[in-house]
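# A closer look at the structure
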Amino acid sequence: MAAHAMKTSINTSSTELIQAPYRSELEYACHAVRLASKLCQAVQKQLSDAEKEEKQDESPVTVADYGAQAVVAWALSQSGQSVSMVAEEDSASLIRPEGRPMLERITALVNGVVQQEMPGTSLSPDDVVKLIDLGGSSGGQAGRHWVLDPIDGTRGFVGMRQYSVCLGMLQDGEVQLGVLGCPNLPQGPISDNDGGSGAMSRSQDSDIGCLYLAHKGFGAYYAPLSEPAAPLTRVFVQDVTEISQAQVMESYETHHSDHCFAAAVAKETGVLKAPLRMDSQVKYGILSRGEAPRVFMRFPPATYREKIWDHAAGFVIVEEAGGKVTDTVGDRLDFSCGRYLDTMKGGIVAGPPNVHAALINSIATVKSKTSTS
Ligand SMILES: Nc1ncnc2c1ncn2[C@@H]1O[C@H](COP(=O)(O)O)[C@@H](OP(=O)(O)O)[C@H]1O
Ligand SMILES: [Mg+2]
Ligand SMILES: [Mg+2]
Ligand SMILES: [Mg+2]
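Everything quoted here is computed from the prediction, not taken from an experiment.

Moving on, we get to the site of ligand 1. Around ligand 1 sit 18 residues, and of these Thr154, Ser251, His256, Asp279 and Pro300 come closest. Ranked by residues supplied to the shell around ligand 1, first place goes to strand S4 (residues 144–152) with 3 residues. The residue inventory of the shell around ligand 1, partitioned by class, reads 4 nonpolar, 7 polar and 7 charged.

Have a look at this one:
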């Protein structure tokens, strides 16, 4: 990449990333995610009702979702290369007259971040709209596409729980890079019944905030979110030797994933622990760091179309940490079909290979039991 000067975003010394072909792109991605996370943290501290609206699908979106998308687009554009991006948000509601106050607030937030990076820069509301709309790419099999969820788990963000800034890079249909900024995630172990919701009460602590990143073929790594110079730590999923000790992670929101079906699959597999419910791709980060034997399951409603930005970054991080991420029949997720994971069947299962296989078998068993009963 022909680079404009960029501050250090990750410390790749003593890691295999030194040799990695997309190392420069990974550095830009980590920098972009750190900047966007900073914006989100500032907004979460002062979130008011005027700063969120309902989208047509009734999911919430805040000034931070838009602001983080603009900041990531801006930071990636600093590489000097043209940016094709598949991202969740668009400017449709901001360019209407009633959207103007929100657009101005977003512009101020984005300038707050950008000016710290590049003193003297001032983006106009039109510039911000253009940056947000860089996310309108249709993705696909050919070429390079960045894949962004500026805030995954917006409900968690609004509810002062977990959320993550998620950026992936697709090259010719394969996710080559993934970066997850998890501003509310404790750096130390999560207890089995934490749910991550306790994080805000500890948000003054310096041990909150994690960055996970992966480069296909070169491993998955962790660093503290606010310490770009900290050495990266390689992470691995924890193999499950005793299935009864494993714990299922699933959505906090009941309508995002069928908790009853997940409970039946867990029971069939011999999992005894109660599930850990958390918002966002933070779950993929926790799985990759392997602090406890955990798995992730997601069973969305049959009519729901899963989007690539909800999984791309977490997918490559878990795979590079030694885990498997598939649909419910065991097929690897395919990010090359455009903005949606349209070939995915039934839902998503992620975990260490041995327990992943057991879960796929149990899903088939539970399905056949329910269809014959
Ligand atoms: N009815 C539904 N079923 C499944 N997923 C849904 C859903 N409605 C929204 N989602 C997705 O679930 C994501 C959050 O995942 P999780 O449940 O793991 O926190 C949301 O991301 P956003 O918060 O970025 O919109 C959204 O894309
Ligand atoms: Mg959303
Ligand atoms: Mg999302
Ligand atoms: Mg989102």
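Additional details are given in the paragraphs that follow.
Before going further, it helps to examine the sheet that holds strand S3 (residues 85–87). One open sheet accounts for 7 strands, arranged S3-S4-S5-S6-S7-S8-S9; its pairing is mixed. Among the strands making up the open sheet, the edge pair consists of S3 and strand S9 (233–234). Pairing of S4 with strand S5 (residues 164–171) involves 7 bridges; the strand directions are antiparallel. Each bridged residue has a counterpart across the sheet, and for valine 147 the counterpart in S5 is glycine 168. With respect to the sheet, helix H7 (residues 282–289) is in contact with S5, strand S6 (174–186), strand S7 (208–215) and strand S8 (219–224), its orientation differing from that of S6 by roughly 95°.

What follows deals with the UniProt feature "binding site: Mg(2+)" (unreviewed entry) in the protein chain. UniProt tags Glu88, Asp149, Ile151, Asp152 and Asp310 as "binding site: Mg(2+)" (unreviewed entry). Of the residues just listed, which span 223 residues, no C-alpha pair is farther apart than 9.6 Å, and they cluster in one region. Residues in contact with glutamate 88, not counting those within four places in the same chain, are Asp149, Pro150, Lys307 and Trp309. In this structure, aspartate 149 sits in strand S4. Of the residues examined, aspartate 149 has 33 C-beta atoms within 10 Å and is grouped as buried. Among residues more than four places away in sequence, those in contact with aspartate 149 are Glu88, Cys166, Trp309 and Asp310.

Formed by 116 residues in total, the largest nonpolar core has its most connected members in Val71 and Leu167. Dropping the residues within four chain positions of it, valine 71 is found in contact with Leu35, Ala36, Leu39, Val110 and Val113.

So, about the environment of glutamate 16. Within the secondary structure, glutamate 16 is located in the segment before helix H1 (23–45). On the basis of neighbour count, glutamate 16 is assigned to the partly exposed category, with 13 C-beta atoms found within 10 Å. When the C-alpha atoms of glutamate 16 and arginine 234 are compared, they prove to be 9.7 Å apart, with 218 residues separating the residues in sequence. Apart from the residues lying within four places of it in its own chain, the contact partners of glutamate 16 are Phe218 and Gly219.

Once that is clear, we can look at the sheet that holds strand S14 (residues 348–351). Within the open sheet, the 5 strands sit side by side as S11-S10-S12-S14-S13. Their pairing is mixed. Across the chains shown, the open sheet's two edge strands, defined by having one partner strand only, are strand S11 (276–278) and strand S13 (324–327). In this sheet, neighbouring strand axes are inclined to one another by 20° on average, regardless of whether the strands run parallel or antiparallel. The sheet contact formed by strand S10 (residues 247–251) and S11 spans 3 bridges and is parallel. The residue bridging methionine 249 from the neighbouring strand is leucine 276, located in S11. In this fold helix H6 (residues 259–269) packs onto S10 and strand S12 (294–298), with an angle of close to 165° to the strand it touches most, S10.

Next up on the list: the domain arrangement of the protein chain. Once the domains are mapped, the protein chain shows domain 1 (16–234) and domain 2 (243–372). For domain 1 and domain 2, the distance between their C-alpha centroids amounts to 23 Å. Taken together, the contact between domain 1 and domain 2 spans 43 residues of the former and 35 residues of the latter. At the level of secondary structure, the elements contributing two or more residues to the side of domain 1 that touches domain 2 comprise S3, S4, helix H5 (154–158), S5, S6, S7 and S8. The leading source of residues in the side of domain 1 that touches domain 2 is S6, at 7 residues.

All right, on to unusual backbone geometry then. Even without glycine at this site, serine 14 takes up a positive phi of about 60°. Mapping serine 14 onto the fold places it in the segment before H1. Even without being a glycine, serine 280 presents a positive backbone phi close to 75°. When you line up the elements, serine 280 lands in the loop between S11 and H7.

Let us look at the confidence of the model for the protein chain. Scored by pLDDT, the protein chain has a mean of 93; 94% of the residues are at 70 or more. Taking the mean pLDDT of every element in the protein chain, the minimum, 77, falls on strand S1 (residues 52–54) and the maximum, 99, on helix H8 (residues 312–320). Residue range residues 198–203 is modelled with pLDDT below 50. Its contacts to residues more than four positions away, or to other chains, number 11 contacts.

Okay, H7 next. Counted residue by residue, H7 has 8 buried out of 8 residues, so it is predominantly covered. Turning to H7, its buried residues are Val282, Lys283, Tyr284, Gly285, Ile286, Leu287, Ser288 and Arg289. Once H7 ends, the next one or two residues include glycine 290, with phi positive near 60°.

With that out of the way, let us pick up the packing of H7 against H8. In contact at an axis separation of 9 Å, H7 and H8 are set at 5° when each is read in the N-to-C sense. By the angle class used here, H7 and H8 are roughly parallel. Each of Tyr284, Gly285, Leu287 and Ser288 in H7 lies in contact with H8, whose residues at this interface are Gly314, Ile317 and Val318. Here the residues of the contact of H7 with H8 are counted per class, giving 4 nonpolar, 3 polar and no charged.

Rules used throughout
- Residues numbered from 1 in each chain as written.
- Chains lettered and ligands numbered in written order.
- Predicted model: local features only at pLDDT ≥ 70, side-chain atom pairs only at ≥ 80, totals over all residues.
- Near = placed C-beta within 6 Å.
- Helix = DSSP H or I, 4+ residues; strand = E, 2+ residues; numbered from the N terminus.
- Nonpolar A, V, L, I, M, F, W, Y, C, P; charged D, E, K, R; others polar.
- Pairing = 2+ DSSP bridges.
- Contact = placed C-beta atoms within 7 Å.
- Axes fitted to C-alpha atoms, helices over the stretch in contact; angles between N-to-C directions.
- UniProt positions renumbered as here; feature names shortened; annotations may be inferred.
- Buried ≥ 20, exposed ≤ 12 C-beta atoms within 10 Å, placed from the backbone.
- Core = buried A, V, L, I, M, F, W, Y, C linked by C-beta atoms within 7 Å.
- Domains from an automatic or database assignment.
- pLDDT = per-residue confidence, 0-100.
- Parallel < 35°, antiparallel > 145°, perpendicular 65-115°, else oblique.

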